[in-house]
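# Analysis of the macromolecular model
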Amino acid sequence: MKSDGLNMKRRTFLKAALATGAAVGAGMPIPRFAEAAEEIVEDAEAVRYTFCSVCSAGCGMKAYVKNSRLVHVEGNPYDFAAGNPYNPEEGGRLCVKGYNSIRTLYDPDRLKYPLRRTNPNKGINEDPGFERISWEEAIEEAASRFKESIGQYGPESMLIMSRSHDYLNRLRDVIGTPNHIAHQSTCFTTQQAAWAGMVTGSGRPWTHDLENSKYILTMGFDGMGKAKNPHLQGLSKALQRGAKLVSLDPYRSKTAARAHKWLPIRPGYDLAFALAMIHVILTENLYNREFVENYTEGIEELRSHIISNRYTPEWAAELIDTPGITADVILEIAREFADPANQPAHLAHHKRDAAGPNYVNSSSLAQAQVTLDALVGSIDRPGGMILPRNPKMPKFDSLFPIPEELKEQMPERRRERIDNWEERGPFVGFVNGNFATLPYGILNEDPYPVKTALVRKYNPLSFPDHLTMVEAFKKLDFILTFEIYPSEMAWLSDIVLPEPHWFEFSGMGSRKYHSLYPQIHLRQQVVSPLYEETKGFGGAIINLAEAMGYGEYFKDTSEGGSGNVSGGKERNMQLQALGSSWTELNNSATGVWEPEDPADRELVPTEKFKTPSGKIEFYSTLFEEHGYDPLPTWKPRREETDEEYPFYMVISRAPMHKMVQTQNNVLALAGYPENSAVLNKATAEEMGISEGDEVYVESRSAAWMDRERKIKLKAKLIEGIRPDTVMIYHGFGRYSSYMTKAFGRGANDGNLIMSMNFDEMRRLNDPGMGTGMQDHAVKIYKA
């Protein structure tokens, strides 16, 4: 069905979408669906600036308080992501998750005090039997268990699972464990590797200047449906200005529905499409000669590679094998993408799309995507992907260095890790980890036993091979978890410590999703903590460090005594380095710090890149040095469909939900209460499946861990999905009965995803070490 959305004004689109409940992910001004919003704003007793922490976009917020309660939020119009700094009178914008965040703050199921497990048995069907304990008891017991494990089995026996955090990083270094594991192998390590190896020398950028793009191509990137507010705003403004949007996606997502052209690509074959585009642009000499000659290296190596491998549109069309995606269509898209009249053109991508870690060829696709943007000259140029321009602030370790005499007492960290991450070559230094291989390492004690874990804000439901990961957690002797909810991770833990909601503390954050120029946004404490026994993570880590005998390593890092960490000391020192202060930012009339000189707020394109050559490298010398393919190269899927398993499985996220964090939020549940097996209507009817029928979705078993892998869902029948594909929204299948609203809804897609052993990961030789979250074939049958 051809979309007529491009003839629809944005306001009409948003109203229509709200009416159907389909576009609650769209960013919008102060929500008019809440008729009392303007009256609430006028009646508020205080207005405070903060920024949303539901997702990593961190959109600026204005929070309205009455009678010490938060009653309304809206976007901060001076924040580049949530508003329009060129015209603040337009008002701020948030996505629905930002608006819904008030309900999480006031959710009665939130953790209120420390808990200790009384049931010695662990598992999905084992209620932990929590008892209330004091913070002192919790810290002392956790410290004792960690010290016992480290003393008997070494520092590597302690596993840390968390994103990077200054205080936690120091504790990790002092202990000496190599096992600090984060989630990025399920998220973006494939893109991170491509950008690091070809452009940045470090991580990947996050800022898309979409609103200034004239031609936008996406490959599984649903910027209008997954509710990243900066993406939604940028795409909407680009379309308003007449940009052309082309979407490759097996499922007719919100972005695909708004596109000029939707191409229902065969899952895992975007790489073939991208390689063929490169072939057309090179053989027809359509690339931006000025940009390529001045700012890139390796064009002739790329040309030889693409031509000698015959990555032609005909080759790609035969592989993709999809009606409507012919050689002529690939040729047309390639020519349009490179047409000078369509510049700036941009291949937009962001986490968990086709170039995210969804397929074993995702790293190569990420290389191809960077290549395409470089060929048309849109890297760090208006309308393209912008390299970060974050404020230059001193880091924690430079502000609070460890004295040399204490450094000498720190153990040497072992190189081998429990997830085999040390084999990631030049990218091992990132605080990432491999969720696909972690359960294998723990269960097989390869290369050593892990006995204890400190976990923060991770949930086993987000792991590939969830049931095997549960078995790995059960094997550990002790688990300490920090959370705001009694989640599934809490369900499997021995001690659970409650953190405050981000509305309940102060801080600051830099703009990384729209860092066209340096910007810091303010987080004021909006309301006092609802529960007196919640404690900030930094302060809790200092308490734990002191109980473990490491207090000297944290001396003078906090304010007001042991463990009382507001972060004020560190952030004030950082702001002083910018010529400002916490007092100045806290008293800001806009809630935003930015350079005073307008010239410092202008986008000055980068001319030297952080690669060995100082240029964007089509032929990555870093990849070559470490034994990876230096050029984008065709690789097949990990697993193909066959007669027994005839369906591809794709995973998405409902616009009103954030991964596994919002399923207890009553407003989010009102928009999407449980997940389904989304099937092509005609295919389902041929199978005798009707709307709402219960079906099983079943995948193959992993070679190293034989277990049944199937889930039961209700069928949802639509026309906008490939006949050979099933789509499942992530975040459901909750079994912690303490999450009273989320409990028992839907099923977990992670039960279908295979983990990997170390040998399989080595054979893939993937610089991104991605988990292949969607690289599976499944069968579907009535329950």
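Residues numbered from 1 in each chain as written. Predicted model: local features only at pLDDT ≥ 70, side-chain atom pairs only at ≥ 80, totals over all residues. Heavy atoms only, no water.

## Looking at the overall build of the chain
The line we're drawing: Numbering of helices and strands runs from the N terminus; a helix is a DSSP stretch of H or I covering at least four residues, while a strand is a stretch of E covering at least two. Atoms considered for the radius of gyration are the C-alpha atoms alone. The globule rule reads 2.2 Å times the number of residues to the power 0.38. We call a residue buried when its accessible area falls under 20% of the maximum for its residue type, exposed when it is over 50%, and partly exposed in between, using a 1.4 Å probe and counting protein chains only. Throughout, a contact is declared for two residues whenever any of their heavy atoms are within 4.5 Å. Method for areas: the Shrake-Rupley scheme with a 1.4 Å probe, in which residue coverage is limited to the protein chains shown. When charges are counted, Lys and Arg are positive and Asp and Glu negative, with His and the chain ends excluded. To locate a charge, take NZ of a lysine, CZ of an arginine, CG of an aspartate or CD of a glutamate.
What the chain contains, in helices and strands, is 26 helices and 27 strands. In terms of overall size, the chain behaves like a compact globule, its C-alpha atoms giving a radius of gyration of 25 Å where 783 residues would be expected to give roughly 28 Å. Counting only C-alpha atoms, the chain reaches 70 × 60 × 55 Å along its principal axes. Buried positions account for 63% of the 783 residues belonging to the chain. Restricting the contact set of the chain to residue pairs at least 6 apart, pairs at least 24 apart contribute 74%. For the chain, the exposed surface amounts to about 28700 Å²; the carbon and sulfur share of it is 46%. Taking the average place of the 89 positive charges on the side chains of the chain and the average place of its 103 negative ones, the gap between the two points comes to 3 Å.

## Focus: a negative patch on the surface
The cut-off we apply is this: Surface patches are drawn from residues lacking salt bridges whose relative accessible area is over 30%; two like charges belong together within 9 Å, two nonpolar side chains (Val, Leu, Ile, Met, Phe, Trp, Tyr) within 5 Å. What makes a salt bridge here is a side-chain nitrogen of Lys or Arg within 4 Å of a carboxyl oxygen of Asp or Glu, nothing more.
Residues E584, E596, D597, D600 and E602 make up a contiguous surface patch of negative charge. Counting through the fold element by element, E596 comes out in the loop between β20 (592–593) and β21 (616–617). With relative accessibility at 74%, the residue E596 sits in the exposed group.

## Observations concerning the side chain of T437
Keep this limit in mind: Any pair of N or O atoms that falls within 3.5 Å is considered a polar contact. Within protein, one atom must be able to donate a hydrogen and the other to accept it, and sequence-neighbouring residues count only if both atoms are side-chain atoms.
As for its placement among the helices and strands, T437 is situated in the loop between α16 (404–407) and α17 (438–444). Relative accessible area serves as the criterion here: at 0%, T437 is assigned to the buried category. A distance of 2.6 Å separates a polar atom in the side chain of T437 from the backbone oxygen of D419. Here T437 is in contact with I418, D419, M756, N757, F758 and M761, once residues within four sequence places are set aside.

## Details of the sheet that holds strand β18 (residues 507–510)
Going by this rule: In this description, strands pair whenever DSSP reports at least two bridges between them.
Strand order across the open sheet formed by three strands is β18-β19-β20, with antiparallel pairing between neighbours. In the strand order of this sheet, the two ends are held by β18 and β20, each with one partner. When β18 meets strand β19 (residues 520–523), the two strands line up antiparallel, connected through four bridges. Looking across to β19, one finds that G509 is bridged to H521.

## Digging into the pairing of strand β24 (residues 694–699)
Each regular strand shows side chains that alternate between the opposite faces of the sheet. Direction of pairing for β24 relative to strand β25 (residues 710–718): antiparallel, over a ladder of five bridges. Within β25, the residue paired with Y696 across the bridge is K712. Judged from the five bridges that link them, β24 and strand β27 (residues 777–782) form a sheet pairing that is antiparallel. Its bridge partner lying in β27, E698 is registered against K779.

## A word on the packing of aromatic side chains
The line we're drawing: Between 30 and 60 degrees the pair is tilted, below 30 it is stacked and above 60 it is edge-to-face, where a pair is any two Phe, Tyr or Trp rings, Trp via its six-membered ring, whose centres lie within 6.5 Å. Placement of a positive charge over a ring is assigned whenever Lys NZ or Arg CZ falls within 6 Å of the ring centre and within 35 degrees of the normal to the ring plane.
In the structure shown here, the tally under the stated rule is 25 aromatic pairs. Through a chain of ring-to-ring contacts, three or more aromatic side chains come together here, namely Y167, F396, F400 and F554. Sitting over the ring of Y531, K112 keeps its end group 5.2 Å from the ring centre.

## Comments concerning the sheet that holds strand β1 (residues 46–51)
Stated precisely, the cut-off is as follows: In this analysis, axes come from line fits to C-alpha atoms, helices being fitted only over the stretch in contact, and the angle between any two N-to-C directions falls in the range 0 to 180 degrees.
Taken together, three strands build an open sheet; the order of strands is β1-β2-β3 and the sheet is antiparallel. Looking at which strands have only one partner, the edges of the open sheet turn out to be β1 and β3 (69–75). Averaged over neighbouring strand pairs, the angle between their axes works out to 30° when direction is ignored. Sheet topology note: the strand β2 (residues 60–66)/β3 ladder contains six bridges and is antiparallel. Bridge assignment links A63 to a residue of β3, and that residue is V73. Docked against the sheet, helix α3 (residues 96–105) engages β2 and β3, running at close to 160° with respect to β3.

## A look at unusual backbone geometry
The amide bond that connects Q343 to the next residue, P344, takes the cis arrangement and shows omega of 5°. Along the chain, the position of P344 falls in the loop between α13 (327–338) and β13 (345–348). For the bond from D446 to P447, the omega torsion is 15°, close enough to zero to count as cis. With respect to the helices and strands, P447 occurs in the loop between α17 and β15 (452–456). Positive phi is not limited to glycine here, since R352 has a value of about 60°. Looking at the secondary structure, you find R352 in the loop between β13 and α14 (362–375). We note that E445 has phi near 50°; this positive angle belongs to a residue other than glycine. Position of E445 among the secondary structure elements: in the loop between α17 and β15.

## With respect to the environment of V650
Looking at the secondary structure, you find V650 in strand β22 (residues 647–652). With 602 residues separating them in the primary sequence, V650 and R48 have C-alpha atoms 41 Å apart. Those residues in contact with V650, other than ones at most four positions away along the chain, are P250, P267, Y359, T725, V726, M727, I728 and Q774.

## Some thoughts on the environment of N665
Structurally, N665 is set in the loop between β22 and α24 (666–671). The spatial distance from the C-alpha of N665 to the C-alpha of M739 is 9.9 Å, given a sequence separation of 74 residues. Setting aside residues no more than four positions away along its own chain, N665 makes contact with N100, R103 and T104. Engagement of the side chain of N665 in a polar contact is seen with the backbone nitrogen of L667, the distance being 3.0 Å.

## Points about the nonpolar core
Selection rule: Put simply, buried Ala, Val, Leu, Ile, Met, Phe, Trp, Tyr and Cys residues joined by side-chain atoms within 4.5 Å make one nonpolar core. Where each domain begins and ends follows an automated or database-derived domain assignment.
Counting 77 residues, the largest nonpolar core has F273 and F337 as its most contacted members. Top element by residues in this core is helix α9 (residues 270–283). It accounts for eleven residues. Three or more residues apiece are contributed to this core by two domains, here domain 2 (206–350 + 361–386 + 606–625) and domain 3 (647–782). With residues near it in sequence (within four places) discarded, F337 still touches Y215, L217, M277, I281, Q343, A345, H346, L347, L372, D373 and V376. Of all hydrophobic cores here, the second largest spans 37 residues; its members include I150, I160, Y167 and F482.

## Focus on the pattern of salt bridges
Taken as a whole and judged by the stated rule, the model has 43 salt bridges. Across the salt bridge formed by E284 and R335, the nearest N and O atoms sit 2.8 Å from each other. Of this pair, E284 sits in the loop between α9 and α10 (289–295) while R335 sits in helix α13; the two residues are 51 residues apart in sequence, bridging distant segments of the chain. With a relative accessible area of 32%, E284 lands in the partly exposed category. Taken together, the shared-partner salt bridges in this structure form one network comprising R116, E131, E137 and E141.

## Points about α13
Selection rule: Every helix has an expected span of 1.5 Å times one less than the residues it contains.
Over its twelve residues, α13 extends 17 Å from the first C-alpha to the last, a length consistent with the 16 Å expected when each residue adds 1.5 Å. Burial within α13 is extensive, with nine of its twelve residues counted as buried.

## Side note on the side chain of R117
Within the secondary structure, R117 sits in the loop between β4 (115–116) and β5 (131–132). Comment: no salt bridge for buried R117; closest opposite-charge side chain is D494, at 5.1 Å. Of note is the side chain of R117, whose polar atom sits 2.8 Å from the backbone oxygen of N119. Within polar-contact distance, the side chain of R117 engages the backbone oxygen of S493 at 3.0 Å. If we skip the residues at most four places from it in the chain, R117 touches K122, E126, P128, G129, F130, W491, L492, S493 and D494.

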